Protein chains: 4
Amino acid sequence: MGRFTFSEEGAIDKSRIVSRWRTRLHEIIFEAETPAGKAFDTVLLLLILASVLTVFLDSVGSFRARHGTVLLYLEWFFTIAFSIEFIARIIAIGKPLRYVFSFYGLVDLSSILPTYLSVILPGSQFLLVIRALRLIRIFRIFKLTRYLTEGAALIQALRASRYKITVFLGTVATCVIVMGTLMYLIEGERNGFTSIPRSIYWAIVTMTTVGYGDIAPRTVIGQTLASLIMIIGYGIIAVPTGIVTSELAAIRHKTEISTRACPECGAQGHDPDAAHCKHCGGRL
Amino acid sequence: MGRFTFSEEGAIDKSRIVSRWRTRLHEIIFEAETPAGKAFDTVLLLLILASVLTVFLDSVGSFRARHGTVLLYLEWFFTIAFSIEFIARIIAIGKPLRYVFSFYGLVDLSSILPTYLSVILPGSQFLLVIRALRLIRIFRIFKLTRYLTEGAALIQALRASRYKITVFLGTVATCVIVMGTLMYLIEGERNGFTSIPRSIYWAIVTMTTVGYGDIAPRTVIGQTLASLIMIIGYGIIAVPTGIVTSELAAIRHKTEISTRACPECGAQGHDPDAAHCKHCGGRL
Amino acid sequence: MGRFTFSEEGAIDKSRIVSRWRTRLHEIIFEAETPAGKAFDTVLLLLILASVLTVFLDSVGSFRARHGTVLLYLEWFFTIAFSIEFIARIIAIGKPLRYVFSFYGLVDLSSILPTYLSVILPGSQFLLVIRALRLIRIFRIFKLTRYLTEGAALIQALRASRYKITVFLGTVATCVIVMGTLMYLIEGERNGFTSIPRSIYWAIVTMTTVGYGDIAPRTVIGQTLASLIMIIGYGIIAVPTGIVTSELAAIRHKTEISTRACPECGAQGHDPDAAHCKHCGGRL
Amino acid sequence: MGRFTFSEEGAIDKSRIVSRWRTRLHEIIFEAETPAGKAFDTVLLLLILASVLTVFLDSVGSFRARHGTVLLYLEWFFTIAFSIEFIARIIAIGKPLRYVFSFYGLVDLSSILPTYLSVILPGSQFLLVIRALRLIRIFRIFKLTRYLTEGAALIQALRASRYKITVFLGTVATCVIVMGTLMYLIEGERNGFTSIPRSIYWAIVTMTTVGYGDIAPRTVIGQTLASLIMIIGYGIIAVPTGIVTSELAAIRHKTEISTRACPECGAQGHDPDAAHCKHCGGRL
């Protein structure tokens, strides 16, 4: 019994220790406020940036030829480091499956899997495909967005103007499709407008004022229509700008309204120049 | 007499049934609020998108060579479907001629006619022209704009700023014509500026910051003037943006502030949810 | 004596008639409010547009080869018409010299002189130069700006923000000069950056997001720096846009402020929600 | 003793004279308000512009070949003039070392050193490097920013929106890296996307709507993805514009409305020229 009790107490102790340990781990990994959490986030951020840089250099032919072995070792170092981090996240979190199948869980997993797959699936003919898979690890960079919490007002402004932006994009899409088709009819296959999708691609390149010049109109009518598309594209940029600006101004206005509460009815949201509560008429 | 009465009643019944049937048809086709109307609109939208995609694929040479027959069948399927829809619209509407000669009526008609014309006018030498006619069916996409009713505020802002935008476009046009002519004189035919219209085309390409690079200045004076046009074009975009933004902000402001005046002190500018005057506390 | 009196009276009559005639002429030419003035302006506008179009077509080699004689006749027709208009303006106006040496007077004169000069200065070797002179008549289009009076608010906004825009342009100029010089050092003459002015031209082409592609960086460092210039140019456009927009909003705000005058002190410019005069405290 | 006293008084006199002389020099060089200071600044500005122009012309091969000697003399004239100015600044200022190691001190020094270095380090093989060093003198132009004090509101607006702009640039960077990598996988080395860094360079060129056309997608999937990047880049410009505009509007609003409160009714938001409360009429 004593032993049983001991074992029970030991279990409780152990469970306590594990629980504390998990709480501590959760604090380090998922919270950014504590010193330990901040340090963890900073190290992780630097590791992600370094691993992305490794993938970049690996894609440069001349660099890979000279430093291929170093890149391979670095690649495995990052993969193992991120694997440990992934396992630590699963242990630390209350609902592991929910994390694994969340957006960030999938991104985390897809940032370590390709390297392991390159071992399981050997063979020269698969190598190129595997190298391509490895590049998907670029999605590690999505982790960076975790560190961006300053964008709340921007997202709110974009969310508030989503209907107007949809209408705008719909108008642009219609414009681009009609113009692209007209240009296909006018310029034809001789001048590089070989199909309607390609003409629409040209119309997008032109309307967004990118203007590669790989396809360009050569007939007088084509150049006239192209001028029209350019001027529309040049002027129409005012519309999303106006939408976002007026939304941002409105959000700013709302947050600037005094936070005074009426002493009688407790209502808030009074204008800065209000002397009486707009709801009950009481003095502020 | 009984028979006559019966026939009369039958006629009334029939007319009633027809009337009901037409009302129901009108509801389905022209109204988007009822479940049936919504379903009809969704199906029509998908059909239009699919038919536009068919036209796109038909213009890609390699695709047409392989799947030409399937595209032809699809083409006829869409044409017959849209023809039935067109006839249904004529039956359902009170004033058919007004619809047929309205903008949407003409677009609807021009989206089905080319396919029929390709049968009536056979002959190998006409085929290419007919194929071109078929492409006009791209205007079907204009139907999409019916589904966009969210753009009211945008259109109002653009309408309110139409005079300012006209002045802006007039200034841009003058600028482009003068600059184009100057560049024709400076660069001349050797450097690709073969005529004034072509030089104006180049000025538009440059001022709207599209910059294809198919025509580019080569002399020092030409490049200096081109730099000036670029900076003007780059800075002047601020003008339409400023116009549209201040209009949108004004529209938002107007719709957000009620125009109620306080019956006691006469103050205005109360929030829409105000029950008491924010200045003197009087009841609104 | 009777005759002298008659002659004196005749002189007065004549002077009266001339005076009336001049007033009428002045009304037609310089005022746009009366029906006759409106008609004159419309006809003049159409003539200017037609003459500009003639100059355009004259510069297209293939068109001039076929219709050269018609263009020459048209050219002389426009020159004579504008000469008559020019003389009429001098007669109608009170201070002719002031008009001739004003901006519009010089533009009007320079739009008719080249054609006459082409007669006085014959000789095959001068012909090309004269043709070039003729093209200066494009400045006729400046007359179009007379018809643009809607732009007052725009000009006011641009005038109010001229200091901020100067600072902005100064910053852009400094940026473009430094970046251009750095690119000359990095890319060098092998990659098309043959001199600092040319590199600065490239920097302007890039920063204004025009991007011809006639000169493009090829080294890794050059492309990195170019990316930096692009992002600066892409983001910095927000500055003039913000300046103009906030000016336009301020102008709109000022014109929206109620035009109520204080019944006691007569002061204006009260806010829409003002109940008392902000100057003397009297009830509005 | 008398002599000692004299000498002491002389020392005080000398120190006074030196002190006055230094104060006067400081006034001329560092202050722009006095007439002498204004004249000094104007002359310096013109000298800087002339010296920058000399560097420009020196880089144009054909010009240097003809006027090389003149440019060399001018170069030495500017270097000596700026050296005198540099020494004068050190004498005039209270803490010379702090000036020398400040941003402007380093810029001033780096604008004279390269010419002297070209004497100390002779030898044909160093010449090109030295010529390159000489070009760094372009940083003289940074002095120009001293004359720009109008930009305070602009800088304040940019400072206030620095967090939002960081989030925006972070989003753009993530977008550009992911898109660049995807394009490397899709287009591959055959179509010019030879490495990930180069693909990212292309993504920046496209997203900022510069569009050189030196690298352009050729596959259908690549062109579709490129269209997406273009539309994102075209639309996303609205975000920094909106940020800066709303900041500028807020700054204008704050500086235009006095924060005075009515002593009787407590209302705020009075115009700067208000003498009485606009709500209750009480004296402010």
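Keep in mind the model is a prediction, meaning the values are calculated, not measured.

1. Brief notes about the overall build of chain A
Along chain A, the regular secondary structure elements total 12 helices and zero strands. In sequence order, the secondary structure elements of chain A are arranged as α-α-α-α-α-α-α-α-α-α-α-α. Taking all 284 residues of chain A together, the buried fraction comes to 44%. In chain A, the proportion of contacts linking residues at least 24 apart, taken out of those at least 6 apart, comes to 52%. Of the roughly 14700 Å² of accessible surface on chain A, a fraction of 69% belongs to carbon and sulfur atoms.

2. Side note on helix α2 (residues 35-59) of chain A
The terminal C-alpha atoms of α2(A) lie 37 Å apart, and with 25 residues this matches the ideal 36 Å at 1.5 Å per residue to within 8%. Here α2(A) has its buried residues at A:G37, A:D41, A:L44, A:I48, A:S51, A:V52, A:T54, A:V55, A:F56, A:D58 and A:S59.

3. A short note on the nonpolar core
By size, the foremost hydrophobic cluster in this structure holds 196 residues, and its most contacted members are A:W202, B:W202, C:W202 and D:W202. The residues contacting D:W202, other than those within four sequence positions of it, are A:Y212, D:M183, D:F193, D:I215, D:A216, D:P217, D:A226 and D:I229.

4. Overview of the packing of α2(A) against helix α3 (residues 61-92) of chain A
Two measures define how a pair of helices packs: the angle their axes make with one another and the distance between the axes. Residue and element names in this part refer to chain A. With their axes 8 Å apart at the nearest point, α2 and α3 run at an angle of 150 degrees to one another. Here α3 runs roughly antiparallel to α2, going by the angle between their axes. When the axes of α2 and α3 are compared, the crossing they make is left-handed. Touching F40, L44, L47, I48, A50, S51, T54, V55, L57, D58 and S59 of α2 are G61, F63, R64, L71, L74, E75, F77, F78, A81, F82, E85 and R89, all from α3. Across the contact of α2 with α3, the residue classes tally to 14 nonpolar, four polar and five charged.

5. Some thoughts on helix α5 (residues 103-110) of chain A
Each α-helix turn comprises 3.6 residues. Residues three or four places apart therefore point the same way. Residue and element names in this part refer to chain A. Within the sequence span of α5, burial applies to G105, V107 and D108. Along the axis of α5, the buried positions cluster into a sector of 165 degrees, meaning they face one direction only. Of the surrounding secondary structure, the elements contacted by the buried residues of α5 are α3 and α4 (96-100).

6. So, the side chain of A:T245
Mapping A:T245 onto the fold places it in helix α12 (residues 238-256). Within polar-contact distance, the side chain of A:T245 engages the backbone oxygen of A:T241 at 2.6 Å. Discounting residues that sit within four places of it in the chain, A:T245 has contacts with B:T245, D:T241, D:G242 and D:T245.

7. With respect to unusual backbone geometry
Residue and element names in this part refer to chain A. Phi is positive for T209, close to 60 degrees, though the residue is something other than glycine. With respect to the helices and strands, T209 occurs in the loop between α10 (196-207) and α11 (220-236). For T209, a relative accessible area of 7% translates into the label buried.

8. Some details on the packing of aromatic side chains
Here the structure, examined in full by the defined rule, presents 14 aromatic pairs over all chains. Geometrically, the ring pair formed by A:F86 and A:Y99 is tilted, given 5.9 Å between the ring centres and 45 degrees between the ring planes. Of this pair, A:F86 sits in helix α3 while A:Y99 sits in helix α4, and the two are 13 residues apart along the sequence. For A:F86, a relative accessible area of 9% puts it in the buried group. Among the aromatic side chains, those forming a connected cluster through ring pairs are B:F77, B:F78 and B:F82.

9. Some thoughts on the pattern of salt bridges
All names here are of chain A. In the structure shown here, the tally under the stated rule is four salt bridges over all chains. Residues R89 and E85 are paired through a salt bridge, measuring 2.7 Å at the closest nitrogen-oxygen approach. Here the residue R89 and the residue E85 both occupy positions in helix α3, the gap between them amounting to four residues, near one helical turn. Comparing R89 with E85, the two get one shared label, buried.

10. Section: the environment of A:L154
Within the fold, A:L154 resides in helix α8 (residues 152-160). Along the primary structure A:L154 and A:I251 are separated by 97 residues, whereas in three dimensions their C-alpha atoms are 9.6 Å apart. Setting aside residues no more than four positions away along its own chain, A:L154 makes contact with A:L248, D:K164, D:V167, D:V239 and D:I243.

11. A look at the packing of α10(A) against helix α2 (residues 35-59) of chain B
At a minimum axis distance of 7 Å, the contact between α10(A) and α2(B) shows a crossing angle of 105 degrees. Between α10(A) and α2(B), the angle is such that the two are roughly perpendicular. Across the interface between the two elements, A:I196, A:P197 and A:I200 of α10(A) pack against B:V55, B:F56 and B:S59 of α2(B).

12. What to know about a nonpolar patch on the surface
All names here are of chain B. Taken together, the side chains of I80, I84, L113, Y116 and L117 make up a nonpolar region of the molecular surface, amounting to roughly 420 Å² of accessible area. Among the elements of the structure, α3 (61-92) and α6 (113-120) are those that each provide at least two residues to the nonpolar patch. For the nonpolar patch, the leading source of residues is α6, giving three residues. Along the chain, I84 turns up in helix α3.

Cut-offs used in this document
- Residues numbered from 1 in each chain as written.
- Chains lettered and ligands numbered in written order.
- Predicted model: local features only at pLDDT ≥ 70, side-chain atom pairs only at ≥ 80, totals over all residues.
- Heavy atoms only, no water.
- Helix = DSSP H or I, 4+ residues; strand = E, 2+ residues; numbered from the N terminus.
- Buried < 20%, exposed > 50% of the residue type's maximum accessible area, 1.4 Å probe, protein only.
- Contact = heavy atoms within 4.5 Å.
- Areas by Shrake-Rupley, 256 points an atom, 1.4 Å probe, with all protein chains shown as cover.
- Expected span 1.5 Å × (residues − 1).
- Core = buried A, V, L, I, M, F, W, Y, C linked by side-chain atoms within 4.5 Å.
- Axes fitted to C-alpha atoms, helices over the stretch in contact; angles between N-to-C directions.
- Parallel < 35°, antiparallel > 145°, perpendicular 65-115°, else oblique.
- Left-handed = near helix turned anticlockwise from the far one by under 90°.
- Nonpolar A, V, L, I, M, F, W, Y, C, P; charged D, E, K, R; others polar.
- Arc of directions from axis to C-beta.
- Polar contact = N/O pair within 3.5 Å; in protein donor to acceptor, adjacent residues only side chain to side chain.
- Phe/Tyr/Trp six-rings, centres within 6.5 Å; stacked < 30°, edge-to-face > 60°.
- Salt bridge = Lys/Arg side-chain N within 4 Å of Asp/Glu carboxyl O.
- Patch = residues over 30% accessible without salt bridge, like charges linked within 9 Å, V, L, I, M, F, W, Y side chains within 5 Å.

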